[in-house]
Amino acid sequence: MSAPLSCAIGNLQGLWKSLETYDGLNTIMAKDIGKEKFVYEQFQDPERDAFISGTFPSDFAWGCATAAYQIEGGHDADGKGEGSWDAFCRIPDKILNGHTGDVACDSYHKIDDDVKLLKDLGVSHYRLSLSWPRILPSGFVTDVNQAGVSYYHKLLDALAAANIQPMVTIHHFDLPKALDDLGGWHNELMAVYFNQYADFCFKEFGSKVKLWITINEPKVFAVYGYDFGKFPPGWTHVGSGTYRAVSIMLKGHAMAYRTYDMKYRSTQEGQVSIAFNSFWSQPKTDSDADEAAAERFRQFELGGLAHPIFVDGDTPKSVRETIAKKSSQAGLLCSRLPPFTEEERELLKNSADFFALNYYSTRLVSNREVDPQSLLLPDIYADFDAEESFDPSFPRACSEWLYSAPWGFRKLLNWIKKNYGNVKIYITENGFSDEDGPMNLEDEDRIKYYKAHINEMLKARLLDGVDVRGYFAWSLMDNFEWAEGYRERFGLHHVDFNDPQRPRRAKASAKVYAKIVKDNGFPE
Ligand code: GBH
């Protein structure tokens, strides 16, 4: 074992002592994972999984994240336009139990309550998103809803008064319905419309915002909206819908980034990026074939988005060649992946000031041979000739895609460092769901998830030299979980969706997170 690792593993007893004596801490914490060297029963490889002590740099950003449609409600309040989700939620069978975000957590009317939660957590940052249809009801800058604009000013001012820095996502899955009707992210002009909207946001709110995310998870949004049909606009352009939408979103992002450079950076002095979601892809066996498959998966999953921005303006060559080959084998006359022009590559290259990562889970990946004849309408996952699975021992969340494998988080952070230089990284989301049911504030599974993941991030920072600058827990409170409605709860705070007041209550995990934030990690 290397010297720094064995030192760091050192004084675990002391750490747990300090947690036990923490005032507001629910007893469940100390009882369940109190004196252990490992957070999880399942993960006890001493080299890989041992819990370490140590702290983050003093300016580390600690926060929570939310997104507009998931929390705001006020779906038709004060001149807000119809959003893509407003319409989608009204289509029968699209959302579990017919749930909608009409009221959600009612955050549109609860600025003070939300800011109070953040203050109680002691976080320095809050990641929120702006609702495009609330600000520009028909999508265009010629049509501004002043009431919507002033809602965000009030929220930003309340955060400033509480000394909490905002990280603002300009677009988190919700389009104005009017723009969806024009083809949404399959319309090339969307990049231009998005740039105009982003320009408006920089101009209007930029004096109050130093950290911007243009678009949340382009790939997730594109896969669910344009390949699988589970998010609006609900299309199933199987095998090509994702690539087209992602390509236009990346161009919209790059235009917005250049707009910030040209018009706002010198006076506002903020930083702009785009948030990517990625699993860690772990080879299922140590065979060369599985290792190669796992690396293909990473290049498709994350490389397809990060490489254009952080390397050379283009999709990784291996990804381009594979999709082109498969398109041609299926008799198509051009690749399902739209190419970038020279000019677009210039625009994309170096169009982010930091790397924003949403990490939740890890997949085991093995090689699979996909029959080229089946490729006329392939699912996009067939493109990388790999098969995903889980180890049944991984602790599972309520969400069927979410298995906890904290060590994968550290591996992914190291992969990012290796592939994109020692770039500044913000973890813009990380979190764990449990199932709706009788109110349960003793959320021990979530506590384990957070402790273990934040500890792996600490290892990445202290032992591997990964330049992680901040961390945002998903989510501040239970909220509308897209196609899953209110069944999956991700909050550090419980929200009672049957009570018109939508009361928020701290879960045990909120207290544990507050303690980690206060201690800036896990001091000895
Ligand atoms: C993030 O995506 C999102 O940014 C955030 O809005 C969301 O609340 C959070 O995760 C938790 O899910 O709707 O059942 O078909 C993470 C990756 C990809 C996970 C889409 C959920 C949809 C499943 N997400 N997936 S479903």
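Looking at an unreviewed UniProt entry, one finds the chain named beta-glucosidase and attributed to Stichopus japonicus. The annotation that UniProt attaches to the chain under Sequence similarities (unreviewed entry) is "Belongs to the glycosyl hydrolase 1 family." In its Subunit (unreviewed entry) section, the UniProt record describing the chain reads: "Homodimer."

**Some remarks on the overall build of the chain**
Secondary structure assignment for the chain yields 19 helices and 17 strands. In terms of overall size, the chain behaves like a compact globule, its C-alpha atoms giving a radius of gyration of 22 Å where 524 residues would be expected to give roughly 24 Å. If one aligns the C-alpha atoms of the chain with their principal axes, the spans along those axes are about 65 × 60 × 50 Å. Accessible area for the chain stands at about 19500 Å²; split by element, carbon and sulfur atoms hold 50% of it.

**Re the nonpolar core**
Grouped together as the largest cluster of nonpolar side chains are 149 residues, with contacts concentrated most on W185, W212, F355 and Y513. If you look at the next biggest cluster of nonpolar residues, it comprises 14 residues, including Y243, A293, I323 and I380.

**So, the site of the ligand**
What surrounds the ligand is a group of 18 residues, the closest being Q70, H172, E217, E481 and W482. Within the side chain of N216, an N or O atom sits 2.9 Å from an oxygen atom of the ligand. At a separation of 2.8 Å, an oxygen atom of the ligand approaches a polar side-chain atom of W482. Coverage of the ligand by the protein amounts to 96% of the 560 Å² it exposes when considered alone. Of the residues belonging to the shell around the ligand, the class tally is 9 nonpolar, 4 polar and 5 charged.

**Quick word on the pattern of salt bridges**
Under the counting rule described, the total for this entry stands at 38 salt bridges. Here R90 makes a salt bridge to D102, at a shortest N to O gap of 2.7 Å. Of this pair, R90 sits in the loop between α6 (84-88) and α7 (111-121) while D102 sits in the loop between α6 and α7, placing them 12 residues apart in sequence. Judged by its relative accessible area of 18%, D102 is buried. A salt bridge links K326 to D385; the nearest nitrogen and oxygen atoms lie 2.8 Å apart.

**Comments concerning the confidence of the model for the chain**
Of all residues in the chain, 92% attain a pLDDT of 70 or more, and the chain-wide mean is 93. Low pLDDT, under 50, characterises residues 1-35; the predicted model gives this stretch 62 contacts beyond four residues in sequence or across chains.

**A few points about the UniProt feature "active site" (unreviewed entry) in the chain**
Residues annotated in UniProt with the feature "active site" (unreviewed entry) correspond here to E429. Structurally, E429 is set in strand β11 (residues 425-429). A polar contact is formed between the side chain of E429 and the side chain of N358, at a distance of 3.2 Å.

**Examining the sheet that holds strand β7 (residues 280-283)**
Sheet strands associate in pairs through backbone hydrogen bonding, adopting either a parallel or an antiparallel arrangement. Spatial strand order, β7-β9-β10: 3 strands in an open sheet with mixed pairing. Here the strands that pair on one side only, and so sit at the sheet edges, are β7 and β10 (386-389). Averaged over all pairs of adjacent strands, the angle between their axes in this sheet comes to 40°, without regard to strand direction. Across 4 bridges, strand β9 (residues 362-367) lies against β10 in antiparallel orientation. By the bridge assignment for β10, S366 is matched with E387. Running at roughly 125° to β9, helix α14 (residues 288-312) makes contact with β7, β9 and β10 of the sheet. Each of β7 and β9 is contacted by helix α17 (residues 406-420), which is oriented at about 100° to β7, the strand it contacts most.

**Considering the sheet that holds strand β6 (residues 271-277)**
If you walk around this closed barrel you meet the 8 strands as β2-β3-β4-β5-β6-β8-β11-β13, and the pairing is parallel. Taking each pair of neighbouring strands and ignoring which way they run, the sheet shows an average axis angle of 25°. Against the sheet, helix α11 (residues 190-205) engages β4 (165-171) and β5 (211-216), with an angle of about 160° to β4. Sheet strands touched by helix α18 (residues 444-462): β2 (61-65), β11 and β13 (468-474). Its angle to β13, the strand with the most contacts, is close to 170°.

**Section: α17**
Compared with the 21 Å implied by 1.5 Å per residue over 15 residues, the 22 Å span of α17 between its first and last C-alpha is a close match. Immediately beyond the C-terminal end of α17, within one or two residues, lies G421, with a positive phi of roughly 75°.

**Some points on helix α19 (residues 508-519)**
With 12 residues, α19 should cover 16 Å at 1.5 Å per step; its first-to-last C-alpha distance of 17 Å lies within 8% of that length. With 10 of its 12 residues buried, α19 lies for the most part within the structure. Considered for burial, the residues of α19 that qualify are A508, S509, A510, V512, Y513, A514, K515, I516, V517 and D519. The first or second residue beyond α19 is N520, which carries a positive phi of 55°.

**What to know about the side chain of T214**
Relative to the assigned elements, T214 resides in strand β5. Looking at T214, its side chain comes within polar contact range of the side chain of H253, at 2.8 Å.

**Topic: the side chain of E301**
Following the sequence through the fold, E301 ends up in helix α14. Among the polar contacts listed, one links the side chain of E301 to the side chain of K219, at a separation of 3.5 Å. In this structure E301 touches K219, N277, S278 and F279, once residues within four positions along its chain are discounted.

**Some remarks on the pairing of β4**
Here β4 lies mainly inside the structure; 6 of its 7 residues are buried. Sheet analysis places strand β3 (residues 125-129) next to β4, joined by 5 bridges and oriented parallel. The residue bridging R127 from the neighbouring strand is M167, located in β4. Bridge analysis of β4 against β5 gives 4 bridges, and the strand direction is parallel. Bridge pairing in β5 links M167 to L211.

**Things to note about the packing of aromatic side chains**
The full count for this structure, using the stated rule, is 58 aromatic pairs. Here the aromatic rings of W85 and F480 are separated by 6.2 Å at their centres, their planes lie at 80°, and the arrangement is edge-to-face. Placement of the pair is W85 in helix α6 and F480 in the loop between β13 and β14 (488-489), with a sequence separation of 395 residues. Judged by its relative accessible area of 0%, F480 is buried. Plain terms: the ring middles of Y360 and F490 are 6.1 Å apart, the flat faces sit at 80° to each other, and that makes the pair edge-to-face.

Rules and cut-offs
Residues numbered from 1 in each chain as written. Predicted model: local features only at pLDDT ≥ 70, side-chain atom pairs only at ≥ 80, totals over all residues. Heavy atoms only, no water. UniProt positions renumbered as here; feature names shortened; annotations may be inferred. Helix = DSSP H or I, 4+ residues; strand = E, 2+ residues; numbered from the N terminus. Rg over C-alpha atoms; globule rule 2.2 N^0.38 Å. Areas by Shrake-Rupley, 256 points an atom, 1.4 Å probe, with all protein chains shown as cover. Core = buried A, V, L, I, M, F, W, Y, C linked by side-chain atoms within 4.5 Å. Buried < 20%, exposed > 50% of the residue type's maximum accessible area, 1.4 Å probe, protein only. Near = heavy atom within 4 Å. Polar contact = N/O pair within 3.5 Å; in protein donor to acceptor, adjacent residues only side chain to side chain. Nonpolar A, V, L, I, M, F, W, Y, C, P; charged D, E, K, R; others polar. Salt bridge = Lys/Arg side-chain N within 4 Å of Asp/Glu carboxyl O. pLDDT = per-residue confidence, 0-100. Contact = heavy atoms within 4.5 Å. Pairing = 2+ DSSP bridges. Axes fitted to C-alpha atoms, helices over the stretch in contact; angles between N-to-C directions. Expected span 1.5 Å × (residues − 1). Phe/Tyr/Trp six-rings, centres within 6.5 Å; stacked < 30°, edge-to-face > 60°.

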